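Architecture and fold: a report
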Amino acid sequence: MQSFDSIVGNATRIEGTLHVDESLRIDGRLNGNLEQQAGKSRWIIIGPTGEIHGDIRAQNVSVAGKVIGNIFATESIELMDGCEVRGNITHRSITVEPGASVHGQLIAREGDEDSQAEAQRAIEVARNGTI
């Protein structure tokens, strides 16, 4: 079972960029970007009632709720049944359950590309709609 340093409850709404160093679960709403420091087995979990309107940059991401923005996962992403993502997803590995909804491009990470260069590439894809 995953343990979390922080949990954003379903009655909580955050405005602005959120920086986290450890694993985080979001069941509320974030209007802004979410940035997680790299580390061993760190996860961002967006629960079924969770909603993010902004970009996510993290090691591992699991989405059961809604993301309106781009997701850049340096490792893995899980898209759960009933989730909705409206944005591009950059990943090393991906699991998509039946019933997950994605409106954007899936961009596989290439080998050991520099993560800063990759993040910039994902942003350019989102802006221009091209690779």
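Because the structure is predicted, anything quoted here is derived from the model rather than measured.

1. Brief notes about the pairing of strand E7 (residues 43–46)
Burial of E7 is two-sided: the residues Trp-43 and Ile-45 facing one way and the residues Ile-44 and Ile-46 facing the other way are all buried. As paired strands, strand E4 (residues 24–26) and E7 are joined by 3 bridges and run parallel to one another. Note that in E7 the partner of Leu-24 across the bridge is Ile-44. In terms of strand pairing, E7 meets strand E10 (residues 60–63) through 4 bridges, oriented parallel. Within the sheet, the bridge partner assigned to Ile-44 lies in E10 and is Val-61.

2. Digging into the sheet that holds strand E18 (residues 106–108)
The strand order across the open sheet built from 6 strands is E3-E6-E9-E12-E15-E18, with neighbouring strands paired in parallel fashion. Looking at strand neighbours, the two that pair on one side only are strand E3 (18–20) and E18, the edges of this open sheet. Taken pair by pair, the neighbouring strands of this sheet meet at an average axis angle of 10 degrees, ignoring direction. Of the strand pairs in this sheet, strand E12 (residues 71–73) and strand E15 (residues 89–91) are connected by 2 bridges, and their pairing is parallel. Considered in E15, the bridge of Phe-72 is made with Thr-90.

3. Details of the side chain of Asn-70
Structurally, Asn-70 is set in the loop between strand E11 (66–68) and E12. One polar contact links the side chain of Asn-70 to the main-chain amide nitrogen of Asn-88, over a distance of 2.8 Å.

4. Section: the nonpolar core
One finds Leu-34, Ile-56, Val-61, Val-63 and Ile-71 to be the most contacted residues of the largest nonpolar core, which totals 22 residues. Those elements that provide at least two residues to this core are E3, E4, E7, strand E9 (56–58), E10, E12 and strand E13 (76–79). Residues within four places of Leu-34 in sequence aside, it is in contact with Leu-18, Val-20, Leu-24, Ile-26, Ile-44, Ile-52, Asp-55, Ile-56 and Arg-57.

5. Section: the environment of Gly-82
Mapped onto the elements, Gly-82 comes out in the loop between E13 and strand E14 (84–86). Since its relative accessible area comes to 55%, Gly-82 is described here as exposed. It is 8.4 Å that separates the C-alpha atoms of Gly-82 and Pro-98, two residues lying 16 residues apart in sequence. Dropping the residues within four chain positions of it, Gly-82 is found in contact with Ala-64, Gly-99 and Ala-100.

Rules used in this analysis
- Residues numbered from 1 in each chain as written.
- Predicted model: local features only at pLDDT ≥ 70, side-chain atom pairs only at ≥ 80, totals over all residues.
- Heavy atoms only, no water.
- Buried < 20%, exposed > 50% of the residue type's maximum accessible area, 1.4 Å probe, protein only.
- Helix = DSSP H or I, 4+ residues; strand = E, 2+ residues; numbered from the N terminus.
- Pairing = 2+ DSSP bridges.
- Axes fitted to C-alpha atoms, helices over the stretch in contact; angles between N-to-C directions.
- Polar contact = N/O pair within 3.5 Å; in protein donor to acceptor, adjacent residues only side chain to side chain.
- Core = buried A, V, L, I, M, F, W, Y, C linked by side-chain atoms within 4.5 Å.
- Contact = heavy atoms within 4.5 Å.

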